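Observations on the three-dimensional arrangement
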Amino acid sequence: MGGLLSSGKPRRAPRSTRAACLVLRLARLAALSAAACGAGGCKKPADAPADAGALAGDAGAEAAAAAEAARRAEPAPAAAWPPSDKPLLGVTAFVATVYKEPRDTSKKLGYLRVGSRVPRAAEPAGTAGCPGGWYAIEPRGFLCVGEDATLDLDDPILKAAGPGPNLRSALPYRYAFVRAVLPLYLRVPTAEEQRKSEFKLDEHLAWFEENKATVQRVDLGANDVPIDARGVPLPGKRIGELGLGKNSLELGEGALLGGEGENDPIPFWLEGGKRLIRNISDFKVPDYAVFADRARRFTGLSLIGSFPTGPESLNRRFAITTDLRLAPATKIKPDTGSPWHGVELNDELTLPLAFVRARSARDVEIAGDKATPGKELPFREVLPLTGRMRRLEGVKYYRTKDQRYVSQLDVGLAVAPSAWPAVAEKGEKWIEVSITQQTLVLWEGKRPVYATLVSTGQAGVADPKTTTATVRGVFRIRNKHITATMDSNESSSVGGRPETTAEAPSASRGAKPDKGGSSKERSKKKPGASAAEKPEAGQKAVPRKGDGEYGVTRRRGEGTYALKDVPYIQYFASGYALHAAYWHDVFGTPRSHGCINLAPIDAHRVFLWTDPPVPPGWHAINTGEELGEGTTIIVHE
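Residues numbered from 1 in each chain as written. Predicted model: local features only at pLDDT ≥ 70, side-chain atom pairs only at ≥ 80, totals over all residues. Heavy atoms only, no water.

On inspection of all chains with the given rule, the structure shows one disulfide. Residue pairing for C130: its cysteine sulfur links by disulfide to C144, the two sulfurs lying 2.0 Å apart. Sign of the S-S torsion, about 105° for the bond between C130 and C144, identifies this disulfide as right-handed. Of this pair, C130 sits in the loop between strand 5 (117-119) and strand 6 (134-136) while C144 sits in strand 7 (residues 142-144), placing them 14 residues apart in sequence. Overall, C130 belongs to the buried group, its relative accessible area being 1%. (Disulfide = S-S within 2.5 Å. Helix = DSSP H or I, 4+ residues; strand = E, 2+ residues; numbered from the N terminus. Buried < 20%, exposed > 50% of the residue type's maximum accessible area, 1.4 Å probe, protein only.)

Now for the UniProt feature "active site" (unreviewed entry) in the chain. On the UniProt side, "active site" (unreviewed entry) is annotated at positions that read H579 and C595 here. Taken along the chain, the residues just named run across 17 residues; in space they keep tight, none of their C-alpha pairs more than 7.5 Å apart. Looking at the secondary structure, you find H579 in strand 30 (residues 576-580). Within the structure, H579 has its side chain in polar contact with the side chain of N597 (distance 3.3 Å). Here C595 is to be found in the loop between strand 30 and strand 31 (596-598). (UniProt positions renumbered as here; feature names shortened; annotations may be inferred. Polar contact = N/O pair within 3.5 Å; in protein donor to acceptor, adjacent residues only side chain to side chain.)

Here we come to the packing of aromatic side chains. Counting across every chain of the model gives 13 aromatic pairs. Ring centres 6.4 Å apart and planes at 50° place the aromatic pair W207 and F208 in the tilted group. Using a relative accessible area of 6% as the deciding quantity, one classes F208 as buried. Chaining the aromatic ring pairs together yields one cluster made of Y175, F177, Y582 and W583. Looking at K429, its charged tip hangs above the ring of W609, at a distance of 5.0 Å from the centre. Directly above the aromatic system of F607 lies the positively charged group of K480, at a separation of 4.6 Å from the ring centroid. (Phe/Tyr/Trp six-rings, centres within 6.5 Å; stacked < 30°, edge-to-face > 60°. Lys NZ or Arg CZ within 6 Å of the ring centre and 35° of its normal.)

Here we take up the sheet that holds strand 5. Spatially, the three strands line up as an open sheet ordered 5-2-8, and their pairing is antiparallel. The open sheet is flanked by strand 5 and strand 8 (149-150), the only strands paired with a single partner. Here strand 2 (residues 88-91) pairs with strand 5 via three bridges, running antiparallel. Across the sheet, residue L88 finds its bridge partner in strand 5, namely P119. (Pairing = 2+ DSSP bridges.)

Attention now moves to the sheet that holds strand 16 (residues 343-344). The sheet built from six strands is open, its strands ordered 16-26-25-24-33-27 with mixed pairing. Looking at strand neighbours, the two that pair on one side only are strand 16 and strand 27 (473-476), the edges of this open sheet. Relative to strand 33 (residues 632-636), strand 27 runs antiparallel, the two being bridged by four bridges. Residue G473 lies in a different strand from strand 33, and its bridge partner there is V635. Strands strand 16, strand 24 (429-434), strand 25 (439-444) and strand 26 (447-453) of the sheet are contacted by helix 9 (residues 600-609), whose axis makes an angle of about 150° with strand 26. (Contact = heavy atoms within 4.5 Å. Axes fitted to C-alpha atoms, helices over the stretch in contact; angles between N-to-C directions.)

This part covers helix 5 (residues 201-215). The terminal C-alpha atoms of helix 5 lie 17 Å apart, and with 15 residues this falls more than 12% below the ideal 21 Å at 1.5 Å per residue. Of all the bends in helix 5, the greatest measures close to 50° and is centred on E209. Within helix 5, burial applies to L201, H204, L205, F208 and V215. Summarising the contacts, the buried residues of helix 5 are in contact with helix 4 (191-197), helix 6 (253-256) and strand 15 (332-335). (Expected span 1.5 Å × (residues − 1). Bend = angle between axes of the 7 residues up to and from the residue.)

Put into structure tokens, the structure is as follows:
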């Protein structure tokens, strides 16, 4: 039996039907967040070319198209930041919230990270609740000068924090995973302090010295794929070809853990075994404390520097986390993230297409009613399709442009919709995610510009209210975070509340994982549920093992582990976001606890493409009338 896939000229549903569906979906969205349903049109970033991703379609334009492609391949020159002709304000807290008006009860517009410097007004707009003064910053909003921010650009915290996240790369920081429980030191510890703080340390150091070459080895990863200023992988460039820059295989341990090189000096704020700046982490301890909390095994750390020490500190290297704590390098393994990425779409490569999702996939020859396996297909190969389809014994086979067939069981499809949503009819940007196909497509009106594989919720198309399935419907991006911390259930203090806003995140401690029941039953449990049964009226809940208050009746470090600075998070519903996953490489397979996981390169590309852009110097924004409406995202089966 033959058939046609949707192609560039889809069949249209009646306009009244499309409108009714859109109204119902928007009504559901309005109940969650009025801001997410803003009717304003999307605005294109100033540096985004109007015809991004398109190539000239006729032979007479080949030369112009080649020149345009070459221009895009070169990163755009970065404007000087921060500008030197305006007074600046610096952030000295780990995060500082930006308010719409000069008072902390007004609407939150977003937040800045430690070390950020942004242009400000010459004089404060007021001092109500802020003795240091509320200063207007660019492009809008107010910050309180005091504990969170300063006018003194020589403040040592500003210098200690470094330049901030690198938005020119797929991963904004260097990352590592904890291989053994470790203390997060506040200053460079002596040999005696380390032995008191770390169990059987001498045995560990002997093991590390013997196995270092093996256990610290890395693969080429996300930052080793050459990309242009839009985050698009450069055509014709192979992974690891970075010009004058070194790839991950050429870097030493020091650079892989955030340093400039192998022998960076001890930072000025840690000289002499002291700490010259305050503790800015969310774990507060007395000034005399040697360390602030421990990181448990599997924790993901984000790093901004590293340095070796001498015999007085056991010759260990220490890596500097983004909140200015120290992780001993012998207990962490550098990680480079997945180098996988999707494809830019143009006149030569467009929809429909398929991504090979199965490692053992083969193409198929069809003769009559018989399908015969043929040659093996490379994992994640991109296959342009003709739009033709055959069905044999209940299985669909799709025709490729090179005259082969592929089974629906082996691929994920990216095709045009059978009916255009209203956002496409308006010519706006929108994101389409298919749960059954595990694919994502970026659209500009009715023109597809990028396609890739994703990992949605483990429970597939089950009920998101009771399982780990990804929520379905029509949404707008609510807020954008360059990075934020999640736990191993992908829960975050910046995205889990019904009315999600981008603000200074609080400490997020995950509950101890419930290991009861089968794996299938566990996958259906909603993360974050209490371990205690719901009590009947008038009865007190009976605690079970694992209940308790973190650090009081439950040991610190127990429960889910943290994933620091998850990159390029974009929340579109309460607890549901698009974000990079630097901890796995199974894109194309449902895996998450409800979020939509992307490979770092793809998450970076999507983040830079969506509206509104995060202003320079900011770390996160809430979308809306002040900074612009968020891009539409449509999630369907």
